[in-house]
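# Chain and residue survey
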Amino acid sequence: MHKHVEWDDPGADSVMRHYERSPQGYSEPGRGDILSGRYQGKVVRIKVEAYVDGTSIGEVVALIEPHSGKRRKLIGKLAVGDTVRLPDASRAFEPRPGDVSKEDEEPQ
């Protein structure tokens, strides 16, 4: 069963918005591909098991603090190993650690 996730809006890091402006190079994800989304301000990496109607279905393989690169096993109710659905509209490019401003960081 899939865990329901309310993905963060990827904003300027949106994969779909990027390829709307430049469609060359875009391809649908395939089995084994690693995609990224954002959840509660963190980076979520998903290993694709299936792609159906604009949505990737796969296992959460990493939960990462974007400002430090620190990996976590759990964020809220989402854990490494959970199966989730990631719509194309929620896919995001990976941020570089220097791209996150101090204002965006959550207090420790």
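Sequence order sets the numbering: in each chain, residues are counted from 1 along the sequence as written. Only residues with pLDDT of at least 70 get local features here, since the model is predicted, and only at 80 or more are side-chain atom pairs given and counted; chain-wide, interface and lining totals rely on the full set of residues. The basis for the side-chain values is all heavy atoms of the structure; hydrogens and waters are excluded.

Moving on, we come to the packing of aromatic side chains. The criterion for an aromatic pair is that two Phe, Tyr or Trp rings (for Trp, the six-membered ring) have centres within 6.5 Å, with stacked assigned to planes under 30 degrees apart, edge-to-face to planes over 60 apart and tilted to the rest. Applying the stated criterion across every chain yields a total of 1 aromatic pair. Relative to Phe-93, the ring of Tyr-19 has its centre 6.5 Å away and its plane inclined at 45°; by these criteria the two rings are tilted. Of the two residues, Tyr-19 sits in helix H1 (residues 15-21) while Phe-93 sits in the segment after strand S7 (83-87), which places them 74 residues apart along the sequence. Each residue gets one of three labels from its accessible area relative to the maximum for its type: buried under 20%, exposed over 50%, partly exposed in between, using a 1.4 Å probe on protein chains only. The exposure class assigned to Tyr-19 is partly exposed, which follows from its relative accessible area of 22%. The exposure class assigned to Phe-93 is partly exposed, which follows from its relative accessible area of 34%. Here a helix means four or more residues in a row that DSSP labels H or I, a strand means two or more in a row labelled E, and each is numbered from the N terminus.

When a carboxyl oxygen of Asp or Glu lies within 4 Å of a side-chain nitrogen of Lys or Arg, that pair is called a salt bridge. As enumerated under the stated definition, the model contains 7 salt bridges in all. Among the salt bridges present, the one from Arg-45 reaches Glu-94, with a minimum N-O distance of 3.0 Å. Here Arg-45, found in strand S2 (residues 42-52), pairs with Glu-94, found in the segment after S7; they are 49 residues apart in sequence, far enough to count as distant. Here the salt bridges do not stand alone but share partners, grouping Lys-42, Glu-65 and Arg-72 into one network.

Here Arg-38 shows up in strand S1 (residues 34-39). For Arg-38, a relative accessible area of 13% corresponds to the buried category. Side-chain atoms alone can form a polar contact between residues adjacent in sequence; in general such a contact is a pair of N or O atoms within 3.5 Å, and within protein one must be able to donate a hydrogen while the other accepts it. Within the structure, the side chain of Arg-38 is placed 2.6 Å from the backbone oxygen of Phe-93, a separation counted as a polar contact. Pairs of residues are marked as contacts when any of their non-hydrogen atoms sit within 4.5 Å. Contacts of Arg-38, omitting those with residues within four sequence positions, involve Trp-7, Asp-8, Asp-13, Val-43, Ala-92, Phe-93, Glu-94 and Pro-95.

A word on unusual backbone geometry. Notably, Gln-40 is not glycine yet its phi reads approximately 50°, a positive angle. Take Gln-40: it is sitting in the loop between S1 and S2. Here the phi dihedral of Asp-53 falls at roughly 50°; this positive angle occurs in a residue that is not glycine. Residue position: Asp-53 is located in the loop between S2 and strand S3 (55-64).

This part is about the nonpolar core. Residues Trp-7, Tyr-39, Val-44, Leu-78 and Val-84 are the most contacted members of the largest nonpolar core, which totals 13 residues. Of all elements in the fold, only S1, S2, S3 and S7 reach the threshold of two or more residues within this core. In terms of residues, this core owes the most to one element, S2, which gives 3 residues. Leaving out residues up to four positions away in the same chain, Tyr-39 has contacts with Val-5, Glu-6, Trp-7, Asp-8, Val-44, Ile-75, Lys-77 and Leu-78. To qualify as a nonpolar core, a set must consist of buried Ala, Val, Leu, Ile, Met, Phe, Trp, Tyr and Cys residues joined through side-chain atoms within 4.5 Å.

Read these as spatial facts, not as claims about activity.
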